[in-house]
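Residue-level listing of the chains:
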Amino acid sequence: MAAVADDSPPSRGRWGRARREACAQGYGGRRSRWGSDAKAEKTSAQEEEDFRPLVLEGGPRPGVGCFLRLRRGLRMPQLGLGSGGLEGREGREAIAAALRAGYRLIDTALYYRTEKEIAAGIRLAGLSRSEVFISTKVLQKAHASNAQVRESLKESLKNLGSNYVDLYLIHNPRAGRIKEVWALLLQLRDEGLARAVGVSNFGIAQLEGLREAGLELPEVNQIEVHCWRQLPEVTAYHERHGIATMTMAPLARGRMFGHSDLAKMAEELGRSEAELAIRWSLQKGFVPIPKSINSRRILQNMADGFDLNQRQMDRIAQLDSGYMSCTMASPCHELAWELVADSIPHPDAWGGNRKGKGRGKHTGSWTDDYQTWW
Ligand SMILES: NC(=O)c1ccc[n+]([C@@H]2O[C@H](COP(=O)([O-])OP(=O)(O)OC[C@H]3O[C@@H](n4cnc5c(N)ncnc54)[C@H](OP(=O)(O)O)[C@@H]3O)[C@@H](O)[C@H]2O)c1
């Protein structure tokens, strides 16, 4: 959990415990990454010395009005609107409704084709570009070359009518050539085209791969984390390394509503399951980005006006079943680092040849899929 501004620092034992538990689970079978026990102990002691938790600022309670201070100092609003599917007039109006309600972070990707709607939604809400924090993502097929990655950002900037993005993310490790592309993102940041850079759908082995390659770690990892999929070992790793956890699909796309103890809790508290799911995420210090096209739900998803007490947080901790709603994106956090570090993995490695999903025409040939899926 991120520390609230004036909290005392977490106890030194906490990371040790979290890390030991994560190691016991093998980090997806890659325990050897930590080397011998003696080396691990030494690393752990040094890392405990360096541990600086991210800090939440502003607001009476985590949520709208609060900011997470990222590792390099940028302030990121704590609650965002996911914009996947917010296309056309309805999409623009939903974005404007969220901004009028107080949201100040919008998440998109060149792939979603909603960047122009975001620019229009900001105008509709009467705000200026600089008042809104925009995160967008590299087109996955652009990983084929550095020139295409630059082109992807250029196109996003054109769509957004802006000369910078606030946060630029690698969309998915499966896009490949991660070491080169990540180094380029760091360079684009240093050129002033992105205020911060990060990744999405990365697991610990992939983050460790970057670290062992001597590269700076991302400031943000956008992953599927919600009440039913809590990934404690990944979030502990984030906490340890000052990486903000941005939670995509924080409602599990609504697919678990009515199917767990959260429904009972919601009834007892007179709140919706969506409100509980988002408040849990905010109180964990995460940055949830629920998507809705409906203005009533956009307001509801601010999950404001109540707090969950420790007993209720503990009860939600019991819901973790590993349920995954983004079945195309989320499993990629387990792709072997060696497969994605320097080359582009064949789509068979991550199920990219499954029929009937994704954008564009499915032709059956992997090369064509590669062009149309991402
Ligand atoms: N990096 C990645 O690979 C990745 C992958 C997936 C998503 N994302 C990001 O995360 C954002 C959110 O994820 P998501 O859209 O997949 O899932 P989500 O936010 O968990 O759920 C969205 C679904 O829940 C419904 N909903 C929203 N608020 C509700 C409420 N209060 N009560 C009941 N239903 C509600 C929405 O319907 P209505 O719109 O009709 O309200 C929509 O069907 C995306 O928009 C995108 O920005 C990133």
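Residues numbered from 1 in each chain as written. Predicted model: local features only at pLDDT ≥ 70, side-chain atom pairs only at ≥ 80, totals over all residues.

J.: Just give me the short version of the site of the ligand, but keep the residues and values in it.
T.: Among the 29 residues in the neighbourhood of the ligand, the closest are listed as Gly82, Gly84, Leu251, Ala274 and Lys291. Class assignment of the residues belonging to the shell around the ligand gives a composition of 11 nonpolar, 14 polar and four charged. (Near = placed C-beta within 6 Å. Nonpolar A, V, L, I, M, F, W, Y, C, P; charged D, E, K, R; others polar.)

J.: Could you give an account of helix 4 (residues 115-124), naming the residues involved and the relevant values?
T.: All of the buried residues along helix 4 are Glu115, Glu117, Ile118, Ala119, Gly121 and Ile122. Following helix 4 by one or two positions, Gly126 adopts a phi angle in the positive range, close to 75 degrees. (Buried ≥ 20, exposed ≤ 12 C-beta atoms within 10 Å, placed from the backbone. Helix = DSSP H or I, 4+ residues; strand = E, 2+ residues; numbered from the N terminus.)

J.: Explain the nonpolar core to me, using residue names and the numbers behind them.
T.: If you look at the biggest cluster of nonpolar residues, it comprises 93 residues, and the most contacted ones within it are Ile95, Ile170 and Ala244. Leave out the neighbours within four places in its chain, and Ala244 touches Leu54, Leu68, Leu70, Met76, Glu219, Val220 and Val287. (Core = buried A, V, L, I, M, F, W, Y, C linked by C-beta atoms within 7 Å. Contact = placed C-beta atoms within 7 Å.)

J.: So, unusual backbone geometry: which residues are in play, and what are the values?
T.: Unlike most non-glycine residues, Arg253 shows phi in positive territory, near 55 degrees. Locating Arg253 in the fold gives a position in the loop between strand 11 (244-248) and helix 9 (261-269). In this structure Arg253 comes out as partly exposed when scored by C-beta crowding, with 14 C-beta atoms within 10 Å.

J.: Which residues make up the pairing of strand 7 (residues 133-137), and what values do they have?
T.: Burial runs high along strand 7: five of the five residues are buried. By the bridge criterion, three bridges tie strand 6 (residues 105-107) to strand 7 in an arrangement that is parallel. Residue Asp107 lies in a different strand from strand 7, and its bridge partner there is Ser135. Chirality of the crossover, the property in question, places the unit of strand 6, helix 4 and strand 7 among those that are right-handed. Bridge count between strand 7 and strand 8 (residues 165-170): three bridges; the pairing is parallel. (Pairing = 2+ DSSP bridges. Right-handed = clockwise from strand over helix to strand, strands pointing away.)

J.: Before we move on, can you summarise helix 5 (residues 146-160) with the specific residues and values?
T.: In this model helix 5 runs 21 Å from its N-terminal to its C-terminal C-alpha over 15 residues, within 8% of the 21 Å that 1.5 Å per residue would give. All buried positions along helix 5 are accounted for by Val149, Ser152, Leu153, Ser156 and Leu160. Buried residues of helix 5 fall within an arc of 90 degrees about the axis and therefore sit on the same side. Facing away from the buried side of helix 5 by more than 90 degrees, the exposed set consists of Ala147, Lys154 and Lys158. Tucked into the core, helix 5 has its buried residues touching helix 4, strand 7, strand 8 and helix 6 (178-190). Once helix 5 ends, the next one or two residues include Gly161, with phi positive near 60 degrees. (Expected span 1.5 Å × (residues − 1). Arc of directions from axis to C-beta.)

J.: Let's hear about the sheet that holds strand 5 (residues 80-82): which residues, and what values?
T.: The strand order 5-6-7-8-9-10-11-12 describes an open sheet built from eight strands, whose pairing is parallel. Looking at which strands have only one partner, the edges of the open sheet turn out to be strand 5 and strand 12 (287-288).

J.: So what's going on with the pairing of strand 11? Which residues, and what values?
T.: Burial of strand 11 is extensive: five of the five residues sit out of reach of the surface. Side-chain alternation along strand 11 places Ala244, Met246 and Met248 on one buried face and Thr245 and Thr247 on a second face that is also buried. Strand direction decides the pairing type here: strand 10 (residues 220-224) and strand 11, joined by five bridges, are parallel. Across the sheet, the residue bridging to Ile223 is Thr247, located in strand 11. Following the backbone out of strand 10, through helix 8 (residues 232-241) and into the adjacent parallel strand 11, one traces a crossover that is right-handed. Bridge count for strand 11 against strand 12 is two bridges, and the pairing is parallel.

J.: Let's hear about the packing of helix 5 against helix 6: which residues, and what values?
T.: Taken N-terminus to C-terminus, the directions of helix 5 and helix 6 make an angle of 45 degrees; their axes are 10 Å apart at the nearest point. Taken as axis vectors, helix 5 and helix 6 run oblique relative to one another. Between helix 5 and helix 6 lies a crossing whose hand is right-handed. Mapping the contact onto sequence places Asn146, Val149 and Leu153 in helix 5 and Glu180, Val181, Leu184 and Leu188 in helix 6. The residue inventory of the contact of helix 5 with helix 6, partitioned by class, reads five nonpolar, one polar and one charged. (Axes fitted to C-alpha atoms, helices over the stretch in contact; angles between N-to-C directions. Parallel < 35°, antiparallel > 145°, perpendicular 65-115°, else oblique. Left-handed = near helix turned anticlockwise from the far one by under 90°.)

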